[in-house]
Amino acid sequence: MRNTGIIAKRELGAYFNSVVAYIVVILFLVSTGSLFWLSYFQQLNILSMRPYFDLAPMFLAFFAPAITMGLFSSERRSGTLDLLMTMPVSSFQIVAGKFVASTVLLSVVILMTLPYALTLSLLGELDWGAVLAGYIGLLLLGSAYCAIGVMTSSWTRDQVVAVLLSFFICFFLYLIQQLVGQPSGSTARIVEYLSTSYHFQNLARGVIDLRDIVYYLSLIGVSLTVATVSIGARK
Amino acid sequence: MAGDKATTTPTAHSLVVQGLSKNFGDIRALHEISFAVKPGEVVGFLGPNGAGKTTTMKILTGLLRADAGTAHIAGLDIRTHSREVRKKIGYLPENVPLYEDMLVLDYLHFIAEIRGVPRKERKSRIALVARQTDLTSVLARTIHELSKGYRQRLGLAQAILHEPDVIILDEPTTGLDPNQLREFRDVIKTIGREKTVLFSTHILQEITAVCNRLIIIHQGRLVADGTPEQLAASLDASASLEDIFRHYTADAGAIAEVEKETEVETEAEADQHPEVEHA
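To start, this report covers the structure provided alongside it. Please read these numbers as outputs of a predicted model, since none were measured by experiment.

Thresholds applied
- Residues numbered from 1 in each chain as written.
- Chains lettered and ligands numbered in written order.
- Predicted model: local features only at pLDDT ≥ 70, side-chain atom pairs only at ≥ 80, totals over all residues.
- Helix = DSSP H or I, 4+ residues; strand = E, 2+ residues; numbered from the N terminus.
- Rg over C-alpha atoms; globule rule 2.2 N^0.38 Å.
- Buried ≥ 20, exposed ≤ 12 C-beta atoms within 10 Å, placed from the backbone.
- Contact = placed C-beta atoms within 7 Å.
- Pairing = 2+ DSSP bridges.
- Axes fitted to C-alpha atoms, helices over the stretch in contact; angles between N-to-C directions.
- Left-handed = near helix turned anticlockwise from the far one by under 90°.
- Nonpolar A, V, L, I, M, F, W, Y, C, P; charged D, E, K, R; others polar.

The helix and strand inventory of chain A stands at 12 helices and zero strands. Taken from the N to the C terminus, the helices and strands of chain A come in the order α-α-α-α-α-α-α-α-α-α-α-α. Relative to the 2.2 N^0.38 estimate, which gives 18 Å for 235 residues, the radius of gyration of chain A is 18 Å and therefore close to what a compact globule would have. Projected onto the principal axes, the alpha-carbon positions of chain A cover approximately 60 × 45 × 30 Å. By residue count, 40% of the 235 residues in chain A fall in the buried class. Sequence separation of 24 or more characterises 80% of the internal contacts of chain A that already satisfy a separation of 6 or more.

This is the structure:
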């Protein structure tokens, strides 16, 4: 736990000492903000965060791989991972530390959009319960995408490969329902279960269901386990 | 001559290597390497490129797993007590990997934290090591701004920060100018009084300057182990380090001969093939 914190602190320092954190914050707020307010002015009669919750997952699938791609691949390339592995820290602690750092950064970015909701609430009656559920959904989705990014970054020395792989996985899981068309029976249930957007839609509607939370937590668990194995398997 | 000193109990020495073997596919990187080192010994680890120096060091630091054999560090088996062993070693890899975007001071703090240096001692340890390695003037600099010499010294600083029992340095002197070399030797000598230092090098002068013992490996086998004087005496009294090195690393066939021969007729002409670096 302590070691995880030390690793996370170093990674967060690296984000904020470089331009990465600022670029992510600015681009995320500009892109989601402009699209959200555009849609708001097109439908002035609806006072809801739903347009934002419809948009944000796509952007998360874009930003999470970008902030996680270097976490392991750059350390593999420079050899610092080797040195880190000779220190008294476990592979999992390293993986967890990097996951925590990227998740904290992404969560900060997500929470920086809270003023959108505050602004809406000034204009009329806003359903704060739905907003809360939506944000919980976004944070879970963002964490799951970060875990996927950490996993793909642990596979390769090449940041471009890492980012492309995690883009692919994140978008695939998000769009899987559209990709398979109109399945039925067990296929439909499997697709539904795998789909990040299906689980997110429940939360965005304001329904906090334990099954959706378990889905995201297991996605995180699987990704981090794979990352831990691939880091440790170098021996 | 092929030293097999590892018959003593693991606890008597701070570093005991027993029958270490490692293959990379068909390539035999290490073949039954055995030696033991006591605290206060500074061991020069010598051998041509691809001899297995880095592989040995990577096994000792837990980065690679040996196919056969094991090693004990401070009495702990590296296979079963990896985590504890890692607390007791300091390691400087060959190309000195560092976090380029960090400040030197922040980096040393990070290492102190992750190495488990108690909070109260961190500042004083960092200050002491920075003085020892002459880093005090660059503590506020970003690592990517550092010259090769400073990088090398920062690499050494992170390896000794937590006062490890065994310090493993993989070619730590490449890229240092003569002044830095001298300082570097002084640091190693100071540390080497109490600790075990194992360092690999190509530069033979380094050996005479700091090492009180020499281990030569060639094509994955340990071919010589002893003080420079002992090894010189086994050839002839006037043999230089270069003669010793050439003699033991001449070619594969020579190893068998070396083991049998008591006297060398003529000095074998060094015929070092540039080999594949396995590690």
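We are not done yet, so read on.
The next thing to look at is the sheet that holds strand β1 (residues 15–24) of chain B. Two pairing modes exist for strands in a sheet, parallel and antiparallel, and in both the strands are linked by backbone hydrogen bonds. All names here are of chain B. The antiparallel open sheet is built from four strands, whose spatial order is β2-β1-β4-β5. Among the strands making up the open sheet, the edge pair consists of β2 (27–37) and β5 (76–77). In this structure, β1 lies alongside strand β4 (residues 68–73), joined through five bridges in antiparallel fashion. Note on β4: the bridge partner recorded for Val16 is His72.

On to the packing of helix α8 (residues 128–155) of chain A against helix α9 (residues 159–180) of chain A. Residue and element names in this part refer to chain A. It is at 8 Å that the axes of α8 and α9 come closest, and there the two elements cross at 140°. Here α8 runs over α9; the crossing is right-handed. Residues Tyr145, Ile148, Gly149, Thr152, Ser153 and Trp155 of α8 form the contact with α9, whose participating residues are Ala162, Leu165, Ser166, Ile169 and Cys170. Residue classes in the contact of α8 with α9 are distributed as seven nonpolar, four polar and no charged.

Let us now look at unusual backbone geometry. Residues and elements named next belong to chain B. Phi is positive for Ala74, close to 50°, though the residue is something other than glycine. Along the chain, Ala74 turns up in the loop between β4 and β5. One non-glycine residue, Val96, lies in positive phi territory at about 50°.

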